[in-house]
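# Residue-level structural notes
These are the residues of each chain, in order.
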There are 2 protein chains.
Amino acid sequence: MSDTITVEKAAQSLQEMGYRLTPQRLMILEAVLSSEDHVTAEELYEHVKSRYPHISFSTVYRTMEVLRDAGFVTQTDLGGGRVQYHPVDKAKHHHLICQSCGHVEEVSDEIFAGLRKDLHQKYGFDALLTHFAIFGRCRVCRERESRQPHR
Amino acid sequence: MSDTITVEKAAQSLQEMGYRLTPQRLMILEAVLSSEDHVTAEELYEHVKSRYPHISFSTVYRTMEVLRDAGFVTQTDLGGGRVQYHPVDKAKHHHLICQSCGHVEEVSDEIFAGLRKDLHQKYGFDALLTHFAIFGRCRVCRERESRQPHR
DNA sequence: ATCGCTGCAAACCCTTTGCAGCGCA
DNA sequence: TGCGCTGCAAAGGGTTTGCAGCGAT
């Protein structure tokens, strides 16, 4: 019931769930858990490749699928066709995504406390372990676009 | 300054902005504005194709780019690699996206009033015309997954 | 010795882009 | 008439899948 996931604990759980513990899996597991926040498949691939050059993207994707199903990571698609993976115990902030320039700004978690409670009570939706992804227009783009007409 | 966008008004604005009014553009414009909420490129393509079989996806994508830049639609990537387009005057609700089953539930807009105000004041971020996309776990999946171990 | 897992390559899906011709202004 | 726009086809980029062989249990 601890809130800190270690490679050892996760590995044991995986084994108990019937998954095999392969070197690749352990390396990918270590890579994602050591992430401060979120990682992409490519980052995991590069990270593992430095120690194990034979690794393939298929294994990264399939392993992340396992880790997600096992409950150790969540995956979030913020758009742009690049999925991000998060250790479930490290979801401490969220994202403001500008639709104009693609800029992603981080927002602290506290601002969502009230909303999260409402969502849970009214919709039964548990947003606790994930990122909020809020689309809109950032300050810079709003100012720029109000000055530049087409042509 | 009206909050209702019609094909006629939009067409005139586009022309004033220096864009050409082609039949394809007008058909796509009509298709997206007639949408109750959001449409995908494919839905627009199929809609227009029924009247103008020669239409191409390139034209749909490029037209939506124009309409976005002109301020008549917003585009949101909720993940899954499929962009959704919205008439700016019809963004009346938002989405709860379940990371496990992909189910998308709608949430009314009012629940976000306080949050939106905070985001604007503290981050200068304008989320007024867009969708919120909130990732998490829906009630059904939370209940199901607490009963089914792997294997 | 199983059979789950891996690596490779190819397939997929949506979106973007190059290019030659068309047609709006 | 000029050049912005279109359609076609091909390319792109991230992710998924089929398959044969490998290796954790």
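Going by the structure above, here's the rest.
Residues numbered from 1 in each chain as written. Chains lettered and ligands numbered in written order. Predicted model: local features only at pLDDT ≥ 70, side-chain atom pairs only at ≥ 80, totals over all residues. Heavy atoms only, no water.

With that settled, the discussion passes to the pattern of salt bridges. Residues and elements named next belong to chain B. Applying the stated criterion to the full structure yields 4 salt bridges over all chains. With a closest N to O distance of 3.1 Å, E30 and R51 form a salt bridge. Linking E30 in helix α2 (residues 23-33) with R51 in the loop between α3 (41-49) and α4 (57-70), this pair joins segments that are 21 residues apart in sequence. (Salt bridge = Lys/Arg side-chain N within 4 Å of Asp/Glu carboxyl O. Helix = DSSP H or I, 4+ residues; strand = E, 2+ residues; numbered from the N terminus.)

Residues and elements named next belong to chain A. Tallied over the entire structure, the rule returns 4 aromatic pairs over all chains. Arranged with centres 4.0 Å apart and planes meeting at 15°, the rings of Y45 and F57 form a pair that is stacked. Of this pair, Y45 sits in helix α3 (residues 41-49) while F57 sits in helix α4 (residues 57-70); the two residues are 12 residues apart in sequence, bridging distant segments of the chain. Residue Y45 is classed as buried on the basis of its relative accessible area, which comes to 12%. In this structure F57 comes out as partly exposed when scored by relative accessible area, which is 31%. Each member of the aromatic cluster is reached from another via a ring pair, and the members are Y45, F57 and Y61. (Phe/Tyr/Trp six-rings, centres within 6.5 Å; stacked < 30°, edge-to-face > 60°. Buried < 20%, exposed > 50% of the residue type's maximum accessible area, 1.4 Å probe, protein only.)

Quick look at the protein's contact with DNA strand C now. As a matter of local geometry, DNA strand C sits amid 22 residues, with R25 and T59 of chain A together with R20, Y61 and R82 of chain B nearest to it. Atoms of DNA strand C within 4 Å of the protein belong to the sugar or the phosphate in 68% of instances, the rest to bases. A distance of 2.9 Å separates a base nitrogen of DNA strand C from a polar side-chain atom of S58 of chain A. Taking G81 of chain B, its main chain carries an N or O atom lying 2.8 Å from a sugar or linking oxygen of DNA strand C. Of the residues assigned to the surface near DNA strand C, the class counts are 7 nonpolar, 9 polar and 6 charged. (Near = heavy atom within 4 Å. Polar contact = N/O pair within 3.5 Å; in protein donor to acceptor, adjacent residues only side chain to side chain. Nonpolar A, V, L, I, M, F, W, Y, C, P; charged D, E, K, R; others polar.)

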